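The chain contents come next:
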Amino acid sequence: MTTAHDGDGGVRLAGLRKSFPAANGPVQAVRGVDLHIAQGQTVALLGPNGAGKSTTIDMMLGLLTPDAGSVTIFDRTPAEAVAAGRIGAMLQTGAVLRDLSVRELIDMMGSLYPSALGVDETLQLAGITDIAERRTHKLSGGQTQRVRFAVALVSNPDLLVLDEPTVAMDVEARREFWATMRGFTRSGKTIVFATHYLEEADAYADRIVLMAHGQVVADGSSTEIKATVGSRTIRATLPGVDPAGLTALAGVRSVDTRGDSVVLSCTDSDAALRALLPAYPAARDIEVGGAALEDAFLQLTSDTNAHEAATEPAR
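Residues numbered from 1 in each chain as written. Predicted model: local features only at pLDDT ≥ 70, side-chain atom pairs only at ≥ 80, totals over all residues. Heavy atoms only, no water.

*Asks:* Quick question: what am I supposed to make of the overall build of the protein here?
*Replies:* Scanning the protein for helices and strands turns up 11 helices and 13 strands. Here the C-alpha coordinates of the protein stretch approximately 70 × 45 × 45 Å along the principal axes. Split into buried and exposed, the 315 residues of the protein put 46% on the buried side. As displayed, the protein offers around 14,900 Å² of accessible surface, 49% of which is attributable to carbon and sulfur atoms. Taking the 28 positively charged and 38 negatively charged side chains of the protein as two groups, their mean positions are separated by 3 Å. (Helix = DSSP H or I, 4+ residues; strand = E, 2+ residues; numbered from the N terminus. Buried < 20%, exposed > 50% of the residue type's maximum accessible area, 1.4 Å probe, protein only. Areas by Shrake-Rupley, 256 points an atom, 1.4 Å probe, with all protein chains shown as cover. Lys, Arg positive; Asp, Glu negative; His and termini not counted. Charge placed at Lys NZ, Arg CZ, Asp CG, Glu CD.)

Have a look at this one:
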């Protein structure tokens, strides 16, 4: 699993806690989060609704003051890092200024920072050169999202914080967005992004931090996170099979039928395969695979007995 290394700055969250008042008593949104993110890493922050992701991001950006603990960004406070243009952020909420062209908006935002990117470079990186002269109030949802991304990029930040960045983007726009991110990280930039698209985290993150009930429950590469589940699947084409018979096979935990195909979730895929072939010689197109990130996500975040569920308040 990923561990911290002293002396390289980066992003440090130490003992971070945050509660919010509620009718039935304080709601603990974040409960002692400790993280170190080294420069140049791309980190996905995952968790179900109410896990504490957005509250953690808000404290990282200095938008919320923690009840306990501390945040340092490249050895500065969040406010100092923001003022220096070292943090760019794209959050779930917020609208772009009306009645400006996209170019005018990016130019204006860039003028606020000491080492901003050029307007044309920012437009190109965000993939919005074709709408540079369009007024911001005439943009589609996906276009607005990309303009908000450009606003986050223009300061030329060392840390880019993205909360659900590809919401409202179509498949092509999402692909272009992540191609931009790959180029961004090649120059040593750090990216922290929260997403509900698990396939994005699996494909693009160097490291995944999984939160549940306001705490970090897993931290490592996608491969390491999936390995914690310890289960494998067997897929096969087997028309008209009785699922009960498959469930009774050695090493099989559960069975899912999908038309003529079956998916066996296994505690021991070797034993299941040895039992399957003699019992069902008609089985074909057999594939054995490891656990998906979704499987690990569900298993690691579903233990509601370990922690009292905490729900983040609406922004």
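*Asks:* Explanation requested: the nonpolar core in the structure shown.
*Replies:* Generally speaking, a soluble globular protein has its nonpolar side chains buried in company with each other. Judged by nonpolar contacts, the single largest core of 43 residues is most densely connected at Leu 46, Phe 149, Leu 160, Leu 162 and Met 181. Setting aside chain neighbours within four positions, we find Leu 46 in contact with Lys 53, Thr 195, Leu 198, Ala 201, Ile 208, Val 209, Leu 210, Met 211, Leu 293 and Phe 297. (Core = buried A, V, L, I, M, F, W, Y, C linked by side-chain atoms within 4.5 Å. Contact = heavy atoms within 4.5 Å.)

*Asks:* Honestly, the packing of helix α3 (residues 102–110) against helix α4 (residues 119–126) in this entry has me stumped. Any pointers?
*Replies:* Following both chains from N to C, one finds α3 and α4 inclined at 115°, their axes separated by 10 Å at the closest point. Regarding α3 and α4, the two cross each other, and that crossing is right-handed. Judged by residue contacts, Val 102, Arg 103, Ile 106 and Asp 107 of α3 engage Val 119, Asp 120, Thr 122 and Leu 123 from α4. Its residues assigned to classes, the contact of α3 with α4 shows 4 nonpolar, 1 polar and 3 charged. (Axes fitted to C-alpha atoms, helices over the stretch in contact; angles between N-to-C directions. Left-handed = near helix turned anticlockwise from the far one by under 90°. Nonpolar A, V, L, I, M, F, W, Y, C, P; charged D, E, K, R; others polar.)

*Asks:* Can you walk me through unusual backbone geometry in this structure?
*Replies:* Excluding glycine, most residues fall at negative phi; most peptide bonds, likewise, are trans. Not every positive phi belongs to a glycine, and Asn 156 is a case in point at roughly 60°. Note on placement: Asn 156 falls in the loop between α5 (141–153) and β6 (159–163). For Asn 156, a relative accessible area of 27% translates into the label partly exposed. Non-glycine residue Glu 164 carries a positive phi angle of around 55°. Inspection of the secondary structure puts Glu 164 in the loop between β6 and α6 (171–186).

*Asks:* Sorry if this is basic, but what is going on with the sheet that holds strand β9 (residues 215–220) here?
*Replies:* Strand pairing in a sheet is mediated by backbone hydrogen bonds. Such pairs are either parallel or antiparallel. Strand order in the open sheet made by the 6 strands is β5-β6-β7-β3-β8-β9, with mixed pairing throughout. Across the chains shown, the open sheet's two edge strands, defined by having one partner strand only, are β5 (87–90) and β9. Averaged over all adjacent pairs, the angle separating strand axes in this sheet is 15°, with direction ignored. Pairing analysis gives 5 bridges linking strand β8 (residues 207–212) to β9, with the strands arranged antiparallel. Note on β9: the bridge partner recorded for Val 209 is Asp 219. α5 contacts β5 and β6 of the sheet and is inclined by roughly 165° relative to β5. Across the sheet, helix α11 (residues 293–301) lies against β3 (42–46), β8 and β9, angled at about 35° from β8, the strand it touches most. (Pairing = 2+ DSSP bridges.)

*Asks:* Looking at this model, I keep getting lost on the sheet that holds strand β4 (residues 68–73). Mind explaining?
*Replies:* In spatial order, the strands read β2-β1-β4; together these 3 strands make up an open sheet with antiparallel pairing. Edge positions in the sheet fall to β2 (27–37) and β4, since each of these pairs with one other strand and no more. If you compare each strand with its neighbour and ignore which way they point, the axes differ by 20° on average. In this structure, strand β1 (residues 11–20) lies alongside β2, joined through 8 bridges in antiparallel fashion. The partner of Lys 18 across the bridge, within β2, is Val 30. The strands touched by helix α1 (residues 53–60) are β1, β2 and β4; relative to β1, the strand with the most contacts, the crossing angle is about 120°.

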